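# What the coordinates show
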Amino acid sequence: MSQHPLIDSFFLHELANIAGKASLEHYRTHELTVLENKPKADYQFDPVTQADRLAEKLMREHITKIYPEHSIIGEEYGVTGDSPIQWVLDPIDGTRPFLCGLPLWANLIGLTIDGKATMGMMSQPYIGERFWADHSGSWTSSHHGHFQLQTRKNIPLDQAILHTNSPEPIDSHKNIHFTALTKRVLMTRYGGECYAMAMLAAGRIDICFDFALEPYDIVPLIPIIEQAGGRVTTLDGNRAEKGGAVLATGCPILHEQVLDILNHG
C-alpha cells in the first residue's frame, strides 16, 4: 500500500521530540535505575529502565490523541488496537549502552501499513542526530546539516565492512555461518546497536547482521535502509518486519552473496 495520506514525517519528528526529552531526563544521571531484567536467548542481561517505560508511555499517549484508530506495538507495553496502520516503538534501542553512558542508543519509531514498514525514525537526542525515511526518501540531520542518505554500492565482498551487535550469539547458532562470513570481509565490528544500521544507510557500513531481532528492533530501520538503496531480509530472503535473524546490506548484489554464505558457509 502507498504512503498513508494523513501521515507525514512531521509526526515522526514530534514523536522523536517526546521520546528524546523523556530519555534525556534519565541519561547519565544517578537517578537511572534498572527496573527489570528481561534475559533472552544469548543475552543474560537485557535491562529495562524508567526511561524506557516513560518514553514509550508518552509516545503512545500522543499517537492515541492524534490517531486513536491506529494500532501500536511497543517493546514495553505490547500491542494495543487492531488496525492495518500500526506504530512500532522501541523507546530506547540500546538500553545497555544507555546504562553505560555511551551514545549508541536511539529512540526508534516505525509505521507499518498492512504489515509493510513504510516510515521510520532513528533519533539520538544526546548527539542531536536523526535518521528517518518517508515517501520522499531517506534522510539525516544534525548540527552538520541535512542530507539525503545513500548506501554504498558495488563493493567487493573482500572490501566490505561487516557489523553485528555482539559476538555472544555466534556459538549458539552453528547453523548460521557467521564466522565464515567474517573470513571473507575486510573487517568485522561489534557493539554499534541501531547506529550500525543507520551507518549502513549512510554508506559507511556494508553489511549488518543480527541473530535475533524483534519487530520493534528492525521495523523502524527498514524504510531508512530501503529508501537509501539498501535491502533488508530474513535469512530466507523474505521481508523482515516480523524480526528473527535479519540481514541488511547496502547493495542488492552483495546481499545475495552474503545470504548464500550465512546459509551454506
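Above this text is the structure in question.
In short, a report on the structure. Treat the numbers as computed from the prediction; the structure is a model and nothing was measured.

## As for the overall build of the protein chain
The helix and strand inventory of the protein chain stands at eight helices and 15 strands. For the protein chain, whose C-alpha radius of gyration is 18 Å, the value lies close to the compact-globule estimate of 18 Å for 265 residues. The C-alpha extent of the protein chain, read off along each of the three principal axes, is 50 × 40 × 40 Å. Per-residue burial for the protein chain yields a buried fraction of 56% across its 265 residues.

## Section: the sheet that holds strand β6 (residues 106-113)
Sheet architecture is open: eight strands sit in the order β4-β3-β5-β6-β7-β8-β9-β10, paired in mixed fashion. Edge positions in the sheet fall to β4 (78-80) and β10 (145-148), since each has one partner strand and no second. Direction aside, neighbouring strands of the sheet carry axes that sit 15° apart on average. Where strand β3 (residues 71-74) lies against strand β5 (residues 85-93), four bridges are found, and the strand directions are parallel. When the bridges of β5 are listed, Ile-72 appears paired with Trp-87.

## Here's the deal with the pattern of salt bridges
Within the structure shown, the criterion is met by eight salt bridges. Residues Glu-61 and Lys-57 are paired through a salt bridge, measuring 2.8 Å at the closest nitrogen-oxygen approach. Of this pair, Glu-61 and Lys-57 both sit in helix α2 (residues 50-66), four residues apart, which is roughly one turn of that helix. On the basis of relative accessibility, which here comes to 41%, the residue Glu-61 falls in the partly exposed class.

## Quick notes on a nonpolar patch on the surface
Nonpolar side chains collect at one region of the surface, where Leu-24, Tyr-126 and Ile-127 lie side by side and expose about 250 Å² of accessible area between them. Note that Leu-24 resides in helix α1 (residues 9-24). Leu-24 sits in the partly exposed class, given a relative accessible area of 33%.

## Remarks on helix α8 (residues 252-264)
Residues spaced three or four apart along an α-helix point in a common direction, a consequence of the helix completing one turn every 3.6 residues. For α8, spanning 13 residues, the distance from its first C-alpha to its last is 18 Å, which sits close to the expected 18 Å at 1.5 Å a residue. Within the span of α8, buried status applies to Leu-254, His-255, Val-258, Leu-259, Ile-261 and Leu-262. Angular distribution of buried residues about the axis of α8 spans 165°; they occupy a single face of the element. Relative to its buried face, α8 has exposed residues pointing more than 90 degrees away, namely Ile-253 and His-264. Of the surrounding secondary structure, the elements contacted by the buried residues of α8 are α4 (178-182), β13 (207-213), β14 (231-234) and β15 (244-249).

## A closer look at the packing of aromatic side chains
Enumeration according to the criterion identifies eleven aromatic pairs in this entry. A network of ring pairs unites the aromatic residues Tyr-27, Phe-98, Trp-105 and Tyr-126 as a single cluster.

Rules used throughout
Residues numbered from 1 in each chain as written. Predicted model: local features only at pLDDT ≥ 70, side-chain atom pairs only at ≥ 80, totals over all residues. Heavy atoms only, no water. Helix = DSSP H or I, 4+ residues; strand = E, 2+ residues; numbered from the N terminus. Rg over C-alpha atoms; globule rule 2.2 N^0.38 Å. Buried < 20%, exposed > 50% of the residue type's maximum accessible area, 1.4 Å probe, protein only. Pairing = 2+ DSSP bridges. Axes fitted to C-alpha atoms, helices over the stretch in contact; angles between N-to-C directions. Salt bridge = Lys/Arg side-chain N within 4 Å of Asp/Glu carboxyl O. Patch = residues over 30% accessible without salt bridge, like charges linked within 9 Å, V, L, I, M, F, W, Y side chains within 5 Å. Areas by Shrake-Rupley, 256 points an atom, 1.4 Å probe, with all protein chains shown as cover. Expected span 1.5 Å × (residues − 1). Arc of directions from axis to C-beta. Contact = heavy atoms within 4.5 Å. Phe/Tyr/Trp six-rings, centres within 6.5 Å; stacked < 30°, edge-to-face > 60°.

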